[in-house]
Amino acid sequence: MSLTIKENNGIFLVQGSINTKTIAQFKNHLEFLLLYKKNLTIDIDGVSAIDRMGMNAIKTLNSMALTHKKSFDIVGYGCKAIYEDILESHSA
């Protein structure tokens, strides 16, 4: 499945799969937004699957946001699992 990212009232709706086939598009688009916006919120309600590469990309975006002192938020179904995975990787 392809990946689309659309803005709706300042929140970026991600739809499709975040995997090895779509990871470059996902990272490039969101890294650009993170650099040029004060904060970035993504809604993953429309994400059908995230593989390990997708999780690594989200962790990279989170680290990038921390480095640049920007807000990076993830909302939608599945965000708790992503949050726990990010916390687990920071405590390891």
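Use the structure listed above.
Residues numbered from 1 in each chain as written. Predicted model: local features only at pLDDT ≥ 70, side-chain atom pairs only at ≥ 80, totals over all residues. Heavy atoms only, no water.

Turning our eyes to something else, we now look at the packing of helix H1 (residues 23–36) against helix H2 (residues 52–67). The N-to-C vectors of H1 and H2 enclose an angle of 15 degrees; their axes lie 10 Å apart at closest approach. When the axis of H1 is compared with that of H2, the two are roughly parallel. You can see that H1 and H2 cross each other, and the crossing is right-handed. Residues Ile23, Phe26, Lys27, Leu30, Glu31, Leu34 and Leu35 of H1 form the contact with H2, whose participating residues are Met53, Gly54, Ala57, Ile58, Thr60, Leu61, Met64 and Ala65. A class-by-class count of the residues in the contact of H1 with H2 yields 11 nonpolar, two polar and two charged. (Axes fitted to C-alpha atoms, helices over the stretch in contact; angles between N-to-C directions. Helix = DSSP H or I, 4+ residues; strand = E, 2+ residues; numbered from the N terminus. Parallel < 35°, antiparallel > 145°, perpendicular 65-115°, else oblique. Left-handed = near helix turned anticlockwise from the far one by under 90°. Contact = heavy atoms within 4.5 Å. Nonpolar A, V, L, I, M, F, W, Y, C, P; charged D, E, K, R; others polar.)

Geometry only, nothing functional implied.
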